[in-house]
Amino acid sequence: AKQFLKETASVKQGWSGVMAGIKILPSHNKTPPFWIKNYFNKQIHYSSYHLNQDTFNYYEEHMRKFGIRYLDGYPTSIGSLARFILDAGRTLKLDAVFSSSQAVQDWSKQAIEEAFQCKVYEFYALAERNLWGISTGGSDKLYIVDPICMVEINANFQSMGNTKKLVATVDE
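The structure reproduced in this document is the subject of the present report.

Calculation criteria
- Each residue is numbered by its place in its chain's sequence as written, counting from 1.
- Reporting in this predicted model follows two pLDDT cut-offs: at least 70 for local features of residues, and 80 or more for side-chain atom pairs to be given and counted; totals over whole chains, interfaces and linings ignore these cut-offs and use all residues.
- In computing side-chain values, all of the structure's heavy atoms are included and hydrogens and water are not.
- Stacked, edge-to-face and tilted labels apply to pairs of Phe, Tyr and Trp rings (six-membered ring for Trp) whose centres lie within 6.5 Å, assigned for plane angles under 30 degrees, over 60, and everything in between, in that order.
- Only DSSP runs of H or I reaching four residues or more are called helices, and only runs of E reaching two or more are called strands; each is numbered from the N terminus.
- Only protein chains enter the accessibility calculation, which uses a 1.4 Å probe. A residue is then buried if its area is under 20% of the maximum for its type, exposed if over 50%, and partly exposed in between.
- Our definition puts a charge over a ring when NZ of Lys or CZ of Arg is within 6 Å of the ring centre and also within 35 degrees of the ring normal.
- Salt bridge criterion: a side-chain nitrogen from Lys or Arg within 4 Å of a carboxyl oxygen from Asp or Glu.

**A look at the packing of aromatic side chains**
Okay, so step 1: A complete count under the given rule lists 11 aromatic pairs for this structure.
Okay, so step 2: With centroids separated by 5.9 Å and ring planes inclined at 5°, the aromatic side chains of Phe34 and Tyr59 adopt a geometry described as stacked. Of this pair, Phe34 sits in the loop between strand S1 (16-19) and strand S2 (35-38) while Tyr59 sits in helix H2 (residues 56-66), placing them 25 residues apart in sequence.
Okay, so step 3: Phe34 gets classed as buried once you look at its relative accessible area, which sits at 0%.
Okay, so step 4: By relative accessible area, Tyr59 is classed as buried at 0%.
Okay, so step 5: Within the aromatic cluster, the residues linked to one another by ring pairs are Phe34, Trp35, Tyr46, Tyr58 and Tyr59.
Okay, so step 6: Sitting above the plane of the Tyr49 ring, Lys23 keeps its charged end 5.2 Å from the centroid.

**Some remarks on the pattern of salt bridges**
Close approach of charged atoms allows side chains with opposite charge to pair.
Okay, so step 1: With the rule as written, the count across this model stands at four salt bridges.
Okay, so step 2: Note that Glu60 is salt-bridged to Arg90, the shortest N-O span being 2.7 Å. In this pair, Glu60 is assigned in helix H2 and Arg90 in the loop between helix H3 (75-87) and strand S5 (96-99), connecting sequence segments 30 residues apart.
Okay, so step 3: The class for Arg90 is partly exposed, based on a relative accessible area of 32%.
Okay, so step 4: One salt bridge connects Arg83 with Asp87, and the closest N-O pair in it is separated by 3.2 Å.

Below, the structure written as structure tokens:
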């Protein structure tokens, strides 16, 4: 968990890319740019909706040109871009990739770590952001970080594998 916090704190030292489900451009846009800049937070928001075989090259080119150091977003989107980069015989060095909103599948993690030559930190949060957890980049366990709510872990929850049910209660 300390490594994640260290990586997160150092994001402000360089530009990060965000590749999540926020619709930032009209879907009919067929030519770049497929991104917008957030100067205040030093972020470039890349559209996941425009990411495909015809546009991967534009994304990679822009990330190289702009010196993106971190990526945060859907692991399927980031993984698809990583697979494109690897299939082209290239790599793109990043400092860290932070996944969100989806579980990281093995194919995606492998492609991301190989293409971007960094660890993947899995991030999970409730929509209200009152409870969030992160992985350490080398583990499939999530660690709860500073919840602003009551957290109950139900060990009796019947599920597949080693998962537990989390219940978060916020007192307003």
